[in-house]
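Topology and contacts: notes
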Amino acid sequence: MFIFKIILVAVILLVVGDFISTFFYHVPEHVFGKFHTIVHHGKNRSFIHYAILTRNPLVLVDGFLGALPYFLFVPWLWKISAIGTVLGVILAELHVIWRHIPPIKWTTPKAIKFLCDCCFITTPEKHWLHHQNSNLAYGDIFTFYDRPAQAWMRLLIQIKKARSKEKQSLT
Ligand SMILES: [Zn+2]
Ligand SMILES: [Zn+2]
């Protein structure tokens, strides 16, 4: 029961965090914003480079806004299981680092890829697709967010177009 609670809380933190991050930050940022694209989809795609070596404050802002959703429910999850909450945050952080290892440096072993596919977990190869084409491979941690995120993106693009048409007709 104790272990079950820890795992459940960690999984909730990751699933809810990725959901909020994807639908309320990541996709809207690609449609309406700029700095996620500049920071996260820039020419130099090495995670270490953009996270640590660049002294660009936007990097911190993007990192902060992207990570915030994972912390929103911490006070509530903490009451259920503090260990599970800490585990969830650590796993989220490790996954950020793992998914940003460039394909030249890393190939996911077949067994791990199979496990990830079974659990709908985004591999570095999958996430790389998103860095190459920002219309693809949503869901930073979970691949099941990809299809609804793409639908959400199409809807937001329509809204954006409608709004700019409105503005044009006003001027
Ligand atoms: Zn990324
Ligand atoms: Zn992106």
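Each chain has its residues counted from 1, following the order in which its sequence is written. Chains carry letters and ligands carry numbers; both start at the beginning, A for chains and 1 for ligands, and go up in the order they are written. Only residues with pLDDT of at least 70 are given local features in this predicted model, and only at 80 or more are side-chain atom pairs given and counted; all residues enter the totals for whole chains, interfaces and linings.

Overview of the overall build of the protein
To be explicit about the condition: By definition, any uninterrupted DSSP run of H or I lasting at least four residues is a helix, any uninterrupted run of E lasting at least two residues is a strand, and each is numbered from the N terminus. Three exposure classes are used. Buried residues have 20 or more other C-beta atoms within 10 Å of their own C-beta, exposed residues have 12 or fewer, and partly exposed residues fall in between, all C-beta atoms being placed from the backbone. Residue pairs are scored as contacts if the distance between their C-beta atoms, which are placed from the backbone, is within 7 Å.
Regarding its fold elements, the protein presents nine helices and zero strands. Going residue by residue from the N terminus, the α and β elements of the protein occur as α-α-α-α-α-α-α-α-α. Its C-alpha atoms put the protein at 65 × 40 × 35 Å along the principal axes. Evaluated residue by residue, the protein yields a buried proportion of 23% over its 171 residues. For the protein, long-range pairs separated by at least 24 residues make up 60% of all intrachain contacts whose partners lie at least 6 apart in sequence.

Focus on the packing of helix H1 (residues 2-32) against helix H6 (residues 82-99)
We apply this condition: In this description, a line fitted to the C-alpha atoms serves as the axis of each element, helices being fitted only across the stretch in contact, and the angle between N-to-C directions of two axes falls anywhere from 0 to 180 degrees. Between 65 and 115 degrees an angle is taken as roughly perpendicular, under 35 as roughly parallel, over 145 as roughly antiparallel, and anywhere else as oblique. Here is the rule for handedness: rotate from the far helix to the near one, and if that takes an anticlockwise turn smaller than a right angle the crossing is left-handed, while a clockwise turn gives right-handed. Only Asp, Glu, Lys and Arg are considered charged, only Ala, Val, Leu, Ile, Met, Phe, Trp, Tyr, Cys and Pro nonpolar, and every remaining residue, Gly among them, polar.
Where H1 contacts H6, the axes come no closer than 7 Å and their chain directions differ by 45 degrees. As judged from the angle between their axes, H1 and H6 are oblique. Pair H1 / H6 crosses with right-handed handedness. Residues Lys5, Ile6, Ile7, Leu8, Val9, Ala10, Leu13, Leu14 and Gly17 of H1 lie in contact with H6, whose contacting residues are Ile83, Gly84, Thr85, Leu87, Gly88, Val89, Leu91 and Ala92. In the contact of H1 with H6, the residues fall into twelve nonpolar, four polar and one charged.

Quick word on the nonpolar core
Quick reminder of the rule: As used throughout, a nonpolar core is a set of buried Ala, Val, Leu, Ile, Met, Phe, Trp, Tyr and Cys residues joined through C-beta atoms within 7 Å of each other.
Core analysis: the largest hydrophobic core is formed by nine residues, namely Val9, Ala10, Leu13, Leu14, Tyr70, Leu77, Ala92, Ile121 and Ile141. Among all residues touching Val9, those that are not within four sequence positions of it are Leu77, Ile80, Ser81, Gly84, Thr85 and Gly88.

Concerning unusual backbone geometry
A positive phi angle, near 60 degrees, is found at Phe120, a position not held by glycine. Mapped onto the elements, Phe120 comes out in the loop between helix H7 (110-118) and helix H8 (124-132). Even without being glycine, Ala137 reaches a positive phi, approximately 50 degrees. Along the chain, Ala137 falls in the loop between H8 and helix H9 (146-170).

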